[in-house]
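Below, each chain spelled out in residue letters.
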Amino acid sequence: MEFKLNGRSILYDGNLDLDLLTYLREEANILSPKNGCSPQAACGACTVDLNGKTVLSCVTKMSKVADGTVTTIEGMGQYRQDVFANAFVEKGGVQCGFCIPGIVVQANSLINRNPEPTWDDVEKALTPNLCRCTGYKKVIDSILYAADAIWREEEIPPPTSDGKVGSRHPKYDAQKLVLGQHEYTDDIRIEGMVHGALRFSDHPRAKVLSIDSSEAEKMDGVIRVFTADDVPGERTIGLIREDWPLMIAVGETTRYVGDVLASVVAEKETQARAAAAAIKIEYKVYEPLTDMHAAMQPDAPKIHEAGNILSKSITSRGAVTEGEA
Ligand code: FES
Ligand code: FES
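Residues numbered from 1 in each chain as written. Chains lettered and ligands numbered in written order. Predicted model: local features only at pLDDT ≥ 70, side-chain atom pairs only at ≥ 80, totals over all residues. Heavy atoms only, no water.

Caption draft 1: Representation of the side chain of N108 in the model. Here N108 lies in helix α3 (residues 100–113). A distance of 2.6 Å separates polar atoms of two side chains, one belonging to N108 and the other to R80. Excluding residues within four positions of it along the chain, N108 makes contact with M76, R80 and F84. (Helix = DSSP H or I, 4+ residues; strand = E, 2+ residues; numbered from the N terminus. Polar contact = N/O pair within 3.5 Å; in protein donor to acceptor, adjacent residues only side chain to side chain. Contact = heavy atoms within 4.5 Å.)

Structure below.
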């Protein structure tokens, strides 16, 4: 099938069930759409434009892209990139920046449909996009500032500073954050790099009876599967007490669904994830302990060998003067 990506014609004969986000990041090396929650469709960081409408690329299959036009920030053109980048930096609308490329795509699409959006229009358009650290007020200020410049066909100059103590300084190098050009861990690409995926516990509290990775090891691209047996020496870490195993071994009991039972190294991320999911694990499932008051009862199952109480602190209240006497 064929489609257009940022103005270029693409012939695609790969997996039509693949999600567009994975295609863009792993195959086309287009890194402005971010993976914040894929494939949960909950954060909006992966937003791209498909045929003039925004879509969450983490849940858009390649089959939906056939004969279509996909635009990411990379294909928005220099003028719009500069306007958005400088507007967000000027108005303080970017902090960590992870959510901003998705928000910029959403804002660009809104401005294409409605060149003079109101505050309410922007607020409504941003419904699918979460921002964890800037909040929304400054983000909306930035979008309205950009929309106004675009409407007037004006540029927004890069914010500057006199460099003096007490004056306002633009966030350092923040234009790159706005345009998705900052290199987060997930954006690092190194020649010959391989990918890892973890197999987490399927149950919050269960004894692991067996881990069978024989089929996963034969899957395409898989280089190696590791389990606790491959970890020499100590496996536990922890800040207050060293009671957190990095991997759970056969015969041990999980403490939460974040416990790791195996890890897969493969040539591609999709291969590593598929192999991690294919590992067969047998469990003896126990009732999870989900309430801290229940966990303190004498007959509660012990989550940690030393008991479920990490430490005791006793606070006494009363009159300061009596205490001093
Ligand atoms: S990564 Fe697609 S919505 Fe979060
Ligand atoms: S700027 Fe950090 S999540 Fe939005």
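Now that the structure has been shown, we can carry on.
Caption draft 2: Layout of the pattern of salt bridges. Counted under the stated rule, the structure contains 14 salt bridges. Its salt-bridge partner being E26, residue R189 comes within 3.7 Å of it at the nearest N-O pair. Here E26 lies in helix α1 (residues 20–27) and R189 lies in the loop between α6 (174–178) and β6 (195–200), a separation of 163 residues in the sequence. The class of R189 is partly exposed, set by a relative accessible area of 30%. Residue E26 is classed as partly exposed on the basis of its relative accessible area, which comes to 32%. For K280, the salt bridge identified is with E215, shortest N-O distance 2.7 Å. Placement of K280 in strand β12 (residues 280–285) and of E215 in helix α7 (residues 214–217) is noted, with a sequence separation of 65 residues between them. Within this structure, R25, K34, D186 and D187 form a network of salt bridges that share partners. (Salt bridge = Lys/Arg side-chain N within 4 Å of Asp/Glu carboxyl O. Buried < 20%, exposed > 50% of the residue type's maximum accessible area, 1.4 Å probe, protein only.)

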